[in-house]
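Now for the letters of each chain:
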Amino acid sequence: MQHVFLIRRLVACCLAALLFMGIAAGTGGYAAAATSSAALPDTTESDVAYRVYTADGTPASLDAVAATLDTVDVMLLGEVHEQPGIHALQDSLWQRALNAPDSRPAALSLEMFERDVQPVLDEYLAGLITENHFLQASRPWTNYVRDYHPLVESARAAEAAVLAANAPRRYVNRVAREGRAALNALPASARNWLPPLPYPEATNAYRERFLAQMHGGAHPTNHAPSDTTDAHTTREAGPPDSPHGHGEGMTRLLDAQTLWDATMAYAMAEHLLRTPDARIVHLTGRFHVAQRTGTPDALRHYRPDVRQLVVYFDVVADPDRFEENAHANQGDFVVLVEN
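Residue indices follow the written sequence of each chain, beginning from 1 at its first position. Reporting in this predicted model follows two pLDDT cut-offs: at least 70 for local features of residues, and 80 or more for side-chain atom pairs to be given and counted; totals over whole chains, interfaces and linings ignore these cut-offs and use all residues. Only heavy atoms go into the side-chain values, all of them from the structure, while hydrogens and water stay out.

Draft legend 1. Spotlight on the packing of helix H4 (residues 84–98) against helix H8 (residues 149–157). Where H4 meets H8, the closest approach of the two axes is 10 Å, and the angle between their N-to-C directions is 10 degrees. Judged by the angle between their axes, H4 and H8 are roughly parallel. Here Asp-91, Trp-94, Gln-95 and Leu-98 of H4 lie close against H8, whose contacting residues are Pro-150, Leu-151, Ser-154 and Ala-155. Side-chain classes are defined by residue name, with Ala, Val, Leu, Ile, Met, Phe, Trp, Tyr, Cys and Pro counting as nonpolar, Asp, Glu, Lys and Arg as charged, and the others, Gly among them, as polar. Considering only residue class, the contact of H4 with H8 consists of 5 nonpolar, 2 polar and 1 charged. Only C-alpha atoms enter the line fits that serve as axes; for helices the fit covers just the stretch in contact. Angles between N-to-C directions range over 0 to 180 degrees. Only DSSP runs of H or I with at least four residues qualify as helices, and only runs of E with at least two residues qualify as strands; both kinds are numbered from the N terminus onward. For classification purposes, an angle smaller than 35 degrees is called roughly parallel, one larger than 145 roughly antiparallel, one from 65 to 115 roughly perpendicular, and anything else oblique. Contacts were defined at the residue level, with two residues in contact if any of their heavy atoms lie within 4.5 Å.

The structure is reproduced here in C-alpha cells:
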C-alpha cells in the first residue's frame, strides 16, 4: 500500500509540474482543452437531414440560398444554438461566401463575441498572438471550439474580416437593471463599443414577439450557452414589474434585448462603410432575426440601402413538414433540420 501511495504522489507531482509549465508558457488547462483537435466537429452538410423552403413554404435548396450571395450585402443566419446540423449548414454557406468567384471580400460577423474583444480578435487573425491567449482574453462561448472555431479559422486562413458584433454583456445588464438612459453615464471609452446613443427603439412587431415569448416562459434568445451575454444579462435584472408585461421591468428587458440587436447591426453597418463592397455573413440566435425583425430592423435604421437576406433555422422531427403557423415568413428562407 505504501508503494501505491508513493506512486500516486509521484503522478500528482508530475501533473502539477506540467500544469505549471503550461501556465508559464501561456498554454494553460482551459485554453489547451479549448483548442484540442479531438474536440473539433466532424459533422458536414452531407451528414445532415434537412429541407430548405422559401418564406411561403415552397421547397428550395441550399444552393438557392447560396445563389443569393451575389445579390445581398448581409446574409443573417438565425440559428438554434448548439445544434450540430445547423452549424454544419452555416459553415457550408460561409465557405460559399468565402470562396465566391467574384472579388467581393467576405466578412464573418458573430453574435458570439462582444465588441470590446475586437482588438484581441484582430490580433489573433493577424498572427500576433497565440490561439490560447486569444481564447483566454476573448470570453468565447463554451461551445466555441465545436461550433464556431472552424468558421473563424477559415476566415483567418483567407485573411477575411471577423466582426465581434455583440454588445458587452455588462452594458446590456446595466440597461436591464436601470434602463436605457443609464448608458449615458458611461465614459466615452465604454460607449465606443456601443451604437450611437440613443439607439433605436424596438419596432411594434418586435415588441409583440418579445412579449409573447416572455409570457410563454421561454427566453427570447433560445438558451445560448451558459457563459454568454444571453444568459447573464436580463435574468439578473429581476422579475418584470407587471405580469402582463407592461411595467418598467419588462420595458428594461426589451431595451436590453434591443441593445444587442442595435449593436450587432451597427457593427455590420460600420464594416460596410469601411468596405462598401463587402459581403457579410452574420451568425446569431434566431430570435434576433425572426420575421425579419430585431437585428434586421436595426440594420435598416443605420443603413436603409443595405440588401439583407434572413435564413431562419429550426430543429424539427420531420423536415419534410413545413408548419405554416410555426415557419411561414420567419425568414426569406427557412431551413428545417432533423433533431
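Draft legend 2. Spotlight on the packing of aromatic side chains. Aromatic pairing here means that ring centres of Phe, Tyr or Trp (its six-membered ring) are within 6.5 Å. Orientation follows from the plane angle: under 30 degrees is stacked, over 60 is edge-to-face, and everything else is tilted. Considering all chains together, one arrives at 8 aromatic pairs under this definition. Here Tyr-124 and Phe-134 contribute two aromatic rings whose centre-to-centre distance is 4.7 Å and whose plane-to-plane angle is 5 degrees, an arrangement assigned as stacked. Remark: Phe-134 occurs in helix H6 (residues 131–138) and Tyr-124 occurs in helix H5 (residues 118–125); sequence separation between them is 10 residues. We note that Tyr-124, like Phe-134, is buried. Ring pairing ties together the aromatic residues Phe-113, Tyr-124, Phe-134 and Tyr-144, which thus form one cluster. Only lysine NZ and arginine CZ atoms are considered, and such an atom sits over a ring when it is within 6 Å of the ring centre and within 35 degrees of the ring normal. In this arrangement the basic side chain of Arg-180 is found over the ring face of Tyr-199, its NZ or CZ atom lying 3.9 Å from the centre. Summary of the burial criterion: residues with accessible area below 20% of their type's maximum are buried, those above 50% are exposed, and those between are partly exposed, where the area comes from a 1.4 Å probe applied to protein chains only.

Draft legend 3. Focus on helix H9 (residues 169–178). H9 sits mainly inside the fold: 7 of its 10 residues count as buried. Of the positions making up H9, those classed as buried are Arg-169, Tyr-171, Val-172, Asn-173, Arg-174, Val-175 and Ala-176. Taken from the residues just after H9, Gly-179 is the one with a positive phi, measuring 100 degrees.

Draft legend 4. Representation of the environment of Ser-46 within the structure. Within the secondary structure, Ser-46 is located in the loop between helix H2 (29–34) and strand S1 (50–54). In this structure Ser-46 comes out as exposed when scored by relative accessible area, which is 66%. Here the alpha-carbon distance between Ser-46 and Ala-88, two residues 42 residues apart in the chain, equals 8.9 Å. Any N or O atom pair separated by 3.5 Å or less is treated as a polar contact, with the protein-specific requirement of one donor-capable and one acceptor-capable atom, and with residues adjacent in sequence counted only for side-chain atom pairs. Looking at Ser-46, its side chain comes within polar contact range of the side chain of Thr-44, at 3.1 Å.

Draft legend 5. Seen up close, the nonpolar core. Grouping buried Ala, Val, Leu, Ile, Met, Phe, Trp, Tyr and Cys residues that are joined through side-chain atoms within 4.5 Å yields what is termed a nonpolar core. Counting residues in hydrophobic clusters, the biggest one holds 48 residues, and the most contacted among them are Trp-94, Leu-283 and Val-311. Considering every element that reaches this core, the biggest residue donor is H4, with 7 residues. Core analysis: the second largest hydrophobic core is formed by 41 residues, Tyr-171, Leu-186, Met-268 and Leu-299 among them.

Draft legend 6. Examining unusual backbone geometry more closely. In this model, Leu-197 is joined to Pro-198 through a cis peptide bond whose omega is -5 degrees. Backbone geometry places Arg-139, a non-glycine residue, at a positive phi of 50 degrees. Among the secondary structure elements, Arg-139 is positioned in the loop between H6 and helix H7 (144–147). Non-glycine residue Gln-291 carries a positive phi angle of around 60 degrees. Within the secondary structure, Gln-291 is located in the loop between strand S6 (279–285) and helix H14 (295–302). For Gln-291, a relative accessible area of 38% gives the class partly exposed.

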